[in-house]
Amino acid sequence: MTTVAPPGEGLHIRPVERADLLAVHRIEQGSFPQPWPFTAFEQYLDEPGFLVAEDGAVVGYVVADSVPNHGRPLGHVKDIAVREDRRGEGIGAGLLERALGVLSAQGVGSVKLEVRQSNTRARTLYCQYGFVHRRTVPRYYSDGEDALVLVRDQ
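Right, let's walk through the structure included here. (Residues numbered from 1 in each chain as written. Predicted model: local features only at pLDDT ≥ 70, side-chain atom pairs only at ≥ 80, totals over all residues. Heavy atoms only, no water.)

## Regarding the sheet that holds strand S6 (residues 132-137)
- Here seven strands make up an open sheet; going across it, the order is S1-S2-S3-S4-S5-S7-S6 and the pairing mixed. Of all the strands in the sheet, just strand S1 (12-15) and S6 have a single pairing partner and so form its edges. Adjacent strand axes in the sheet meet at a mean angle of 25 degrees, parallel and antiparallel pairs treated alike.
- Pairing between S6 and strand S7 (residues 147-153): five bridges, direction antiparallel. Residue Val137 lies in a different strand from S7, and its bridge partner there is Ala147.
- Along the sheet, helix H1 (residues 21-31) contacts strand S2 (49-54), strand S3 (58-67) and strand S4 (74-82); its crossing angle with S3, the most-contacted strand, is approximately 90 degrees.
- Against the sheet, helix H3 (residues 91-105) makes contact with S1, S2, S3, S4, strand S5 (110-116) and S7, and its axis sits at roughly 160 degrees relative to S4, the strand it touches most. (Pairing = 2+ DSSP bridges. Helix = DSSP H or I, 4+ residues; strand = E, 2+ residues; numbered from the N terminus. Axes fitted to C-alpha atoms, helices over the stretch in contact; angles between N-to-C directions. Contact = heavy atoms within 4.5 Å.)

As structure tokens, this is what we get:
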């Protein structure tokens, strides 16, 4: 695995709290053409893999969970985003690394995620963490864009 620079000093990654959800939702809305609704985040409040990065304010988040899969759980990074003005500082890498650690502690055998084919910045990050392209789902997103399914063995 390639080493990624750690997030800036003063940045803290911790489990999400209900009070963080509005900030998380705002980051989501500013990051994706088809953002999750606020209620989607509420569903994951108790997930150990729902983490936020903060430095006085929430600047990024990740939502990851695991599901049973033939005797060994499968991890799924469902959503990850960093506030636009803080991208490129290693915050996304820090969030992804911490989420992978949480999933590993849950005994997952592998972790999957879906990413827009056009999202080269995210794809580069995932590649640095050992994710490989396993398949393409045509027209996965409602605007017709394909999704790449990436998988990393733990």
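## Points about the side chain of Glu28
- Looking at where Glu28 falls in the secondary structure, it is placed in helix H1.
- Comment: no salt bridge for buried Glu28; closest opposite-charge side chain is Arg87, at 8.9 Å.
- At 2.8 Å, the side chain of Glu28 forms a polar contact with the backbone nitrogen of Trp36.
- Once residues lying within four places of it in the same chain are set aside, the contact partners of Glu28 are Pro35, Trp36, Phe41, Tyr61 and Asp79. (Buried < 20%, exposed > 50% of the residue type's maximum accessible area, 1.4 Å probe, protein only. Lys, Arg positive; Asp, Glu negative; His and termini not counted. Salt bridge = Lys/Arg side-chain N within 4 Å of Asp/Glu carboxyl O. Polar contact = N/O pair within 3.5 Å; in protein donor to acceptor, adjacent residues only side chain to side chain.)

## Side note on H3
- Across its 15 residues, H3 extends 21 Å between first and last C-alpha, which sits within 8% of the 21 Å expected from 1.5 Å per residue.
- Every buried residue of H3 is listed here: Ile91, Gly92, Ala93, Gly94, Leu95, Leu96, Ala99, Leu100, Val102 and Leu103.
- Looking one or two residues past H3, Gly107 carries a phi angle of roughly 85 degrees, positive in sign. (Expected span 1.5 Å × (residues − 1).)

## Observations concerning the pattern of salt bridges
- On inspection of all chains with the given rule, the structure shows twelve salt bridges.
- The residue Arg86 makes a salt bridge to Glu89 at a minimum N-O spacing of 2.9 Å.
- The class for Arg86 is buried, based on a relative accessible area of 15%.
- Glu89 sits in the partly exposed class, given a relative accessible area of 32%.
- The closest approach of N and O atoms between Lys112 and Glu114, which form a salt bridge, is 3.4 Å.

The values are spatial; any link to function lies outside them.
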